[in-house]
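So you can see what is in the structure, the chains are spelled out below.
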Amino acid sequence: MKLRRTRHEGWYEIMSACPICGHKGWCGINKEMTIVHCMRVPSDQYRDTTIGRQYIHYLDPDRVPKTKVEIEIVRLVEKKPDFHLNRVYRALMKELGLSEFHLDHLRNERHMSEEAIRLREYRTMPDRDRYRVAKRVISRLNDQDDLLGVPGFFVAEGTYGPYWTMAGESGLMIPFRSIRNEILGWQIRVDHVPLELSLKGHIKGEILEEVDPDESGRRRAKCSLKVQDKRLEVILTEKDKKECYAKTGQFIFSVELKQAQRYWWWSSSSKPNGSSIGSPLPYHLALPYPCLKYWEVGEDPSALIDCSEVWITEGPIKADIAADRMVKPFLAIPGSGAFQLALEPLLALGCRHVVLAYDADVVTTPEVQRSLELCAQFFADKTDMSLSLAMWDISQGKGIDDLLANELVPQVSKILD
Ligand SMILES: [Zn+2]
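Right, let's talk about the overall build of the protein for a bit. On a plain count of helices and strands, the protein comes out with 10 helices and 25 strands. Compactness check: the protein gives a C-alpha radius of gyration of 23 Å against a globular reference of 22 Å for 417 residues, within 12% of the reference. For the protein, the spread of C-alpha atoms along the three principal axes comes to 65 × 60 × 50 Å. Of all 417 residues assigned to the protein, the portion counted as buried reaches 47%. Of the roughly 21900 Å² of accessible surface on the protein, a fraction of 48% belongs to carbon and sulfur atoms. Within the protein, one finds 57 positive and 60 negative side-chain charges whose respective centroids are separated by 4 Å.

What follows is the structure, encoded as structure tokens:
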């Protein structure tokens, strides 16, 4: 089991498959390996945190995973305060451009205007010479130490000694704005989505290399698998799940090649002198783009737009597009379970009515259904804001941005008065 230290003494984040839900990341385990805080499989006991509800599961002491435990040694640097992050990220903005490739994507696939793209300040994370960018950012600041504690930057070791550079895959960089127009983080929409193996049951394996896709364009990879001490090399195809059952019908293992996620936080938590984007994760307040021209750093946006009603969605570009089309403030949160992150900014904005606009395909999943109930409970307990749910048929568009692009509007119904 691969573990990563957390801020809570004696608790680790499980970086390999969680013994309860089988997914990687988010779930936690204690030092004694007796209690799991699973983010996905419900149980009667739970605790609520800023990243969502953690369900408490007690492991049977005789069934405690006997696999070797590896603890990642990470010399994490504490994330710097907001005003500092904003200063460094705005200096970075001046040093990064937007590639023709990403401009085309925003213009042609997202149907954004030139002015909207410019005012939203999207950038491109280059695939080379990143240390040059870092050097130019430093020259805009006071000294080298200013990059310490800023997620995304880290120190690499070169022939001539250590130097500052930037982590992450190359891709489109999307800035996350606070309610005072501070840039407090970035997500990268990666150009090349990596492949990953989803393994369940008695099987181990890893991807060796990606090979040419099949005739229908599905991606393929050469993988090394280990089943009952037998090692084999196979070529797996994306979305072609292999399952194995015993003659008795008992499940033995399954393996599937999948595309990993498209959006990643820009973070340098696993790098020397790097720091994590988390605790707390940033949210993103999207205003209609014409407001951005007049929105000074540190200024309350209420003078520019009515913030008594705020819409919440997942994904920063989605929020940007929806804010433009609906001419309303949108708050993007990282996942439907992360609604607690929205509380503070909503209260500060003086919001009275919150509208949740999650993707049409997720609203129907049990996981999101549960998080909607929790969300309603949370808002009822902590605020006197009313809460509504925006819904539409998936045939009209997956996300609210797709729906609005099709010139349709969602149906809004109150779930909490
Ligand atoms: Zn879990």
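Let's pick the thread back up.
Moving on: the coordination of the zinc ion. At the metal site, the zinc ion is ligated by C18 (SG), C21 (SG), C27 (SG) and C38 (SG), and these contacts range over 2.3 to 2.4 Å. Coordination at the zinc ion is tetrahedral, judged from the 4 donor atoms that bind it and the angles of 104 to 122° they form at the metal. The motif formed by the donor residues of the zinc ion, counted along the single chain, is C-x2-C-x5-C-x10-C. Of this pair, C27 sits in the loop between strand 2 (11–14) and strand 3 (28–30) while C38 sits in strand 4 (residues 35–38); the two residues are 11 residues apart in sequence, bridging distant segments of the chain. Pair check on accessibility: C27 and C38 agree, each one buried.

Here we come to the packing of aromatic side chains. Within the structure shown, the criterion is met by 10 aromatic pairs. Note on F339 and F378: the rings are 5.5 Å apart at their centroids and 55° apart in plane angle, and the pair reads as tilted. Of this pair, F339 sits in the loop between strand 22 (330–333) and helix 7 (340–349) while F378 sits in helix 9 (residues 366–382), and the two are 39 residues apart along the sequence. Each member of the pair, F339 as well as F378, carries the same accessibility label: buried. Consider the rings of F378 and F379, whose centres lie 5.8 Å apart with planes at 85°: the pair is edge-to-face.

Formed by 36 residues in total, the largest nonpolar core has its most connected members in I312, L346, V354, L356 and F379. Elements represented by at least two residues in this core include exactly helix 5 (289–292), strand 21 (309–314), strand 22, helix 7, strand 23 (353–356), helix 9 and strand 24 (386–391). Looking at which element gives the most residues to this core, the answer is helix 9, with 7 residues. Those residues in contact with F379 that lie beyond four places of it in its chain are L346, V354, M385, L387 and L416. Among the nonpolar cores identified, the runner-up in size contains 27 residues, and Y89, M125, I138 and V150 belong to it.

Looking now at the sheet that holds strand 21. Read from one edge to the other, the open sheet built from 6 strands follows the order 20-22-21-23-24-25, with strand pairing classed as mixed. A strand with exactly one partner marks an edge of an open sheet, and here the two such strands are strand 20 (284–286) and strand 25 (411–416). Sheet twist, expressed as the average angle between the axes of neighbouring strands with direction ignored, equals 30°. Summarising the sheet, strand 20 and strand 22 pair through 3 bridges and their orientation is antiparallel. Following the sheet pairing, L285 is matched in strand 22 by L331. Against the sheet, helix 6 (residues 316–326) engages strand 20, strand 21 and strand 22, with an angle of about 170° to strand 22.

Before going further, it helps to examine the pairing of strand 9 (residues 153–158). Summarising the sheet, strand 9 and strand 10 (residues 161–166) pair through 6 bridges and their orientation is antiparallel. Residue pairing in the sheet places G158 in a bridge with G161 of strand 10. The hairpin formed by strand 9 and strand 10 contains 2 residues between the paired strands.

Here we take up the sheet that holds strand 11 (residues 171–177). In any sheet, the strands associate via hydrogen bonds between backbone groups, in a parallel or an antiparallel arrangement. With antiparallel pairing, the 4 strands of this open sheet are ordered in space as 8-11-12-19. Of all the strands in the sheet, the pair left with one neighbour each is strand 8 (123–125) and strand 19 (263–265). Averaged over neighbouring strand pairs, the angle between their axes works out to 40° when direction is ignored. Running at roughly 50° to strand 12 (residues 183–190), helix 1 (residues 82–95) makes contact with strand 8, strand 11 and strand 12 of the sheet.

Looking now at the environment of G397. Relative to the helices and strands, G397 resides in the loop between strand 24 and helix 10 (400–405). Taking the C-alpha atoms as reference points, G397 and D361, 36 residues apart in sequence, are found 9.5 Å from one another. Each residue touching G397, except ones within four places of it in the same chain, is listed here: A360, W392, D402, L403 and N406.

The rules behind each value
Residues numbered from 1 in each chain as written. Predicted model: local features only at pLDDT ≥ 70, side-chain atom pairs only at ≥ 80, totals over all residues. Heavy atoms only, no water. Helix = DSSP H or I, 4+ residues; strand = E, 2+ residues; numbered from the N terminus. Rg over C-alpha atoms; globule rule 2.2 N^0.38 Å. Buried < 20%, exposed > 50% of the residue type's maximum accessible area, 1.4 Å probe, protein only. Areas by Shrake-Rupley, 256 points an atom, 1.4 Å probe, with all protein chains shown as cover. Lys, Arg positive; Asp, Glu negative; His and termini not counted. Charge placed at Lys NZ, Arg CZ, Asp CG, Glu CD. Donors = N, O, S within 2.8 Å, 3.2 Å for Na, K, Ca; no water. Tetrahedral: all angles 85-135°; square planar, octahedral: opposite > 155°, others 65-115°. Phe/Tyr/Trp six-rings, centres within 6.5 Å; stacked < 30°, edge-to-face > 60°. Core = buried A, V, L, I, M, F, W, Y, C linked by side-chain atoms within 4.5 Å. Contact = heavy atoms within 4.5 Å. Pairing = 2+ DSSP bridges. Axes fitted to C-alpha atoms, helices over the stretch in contact; angles between N-to-C directions.

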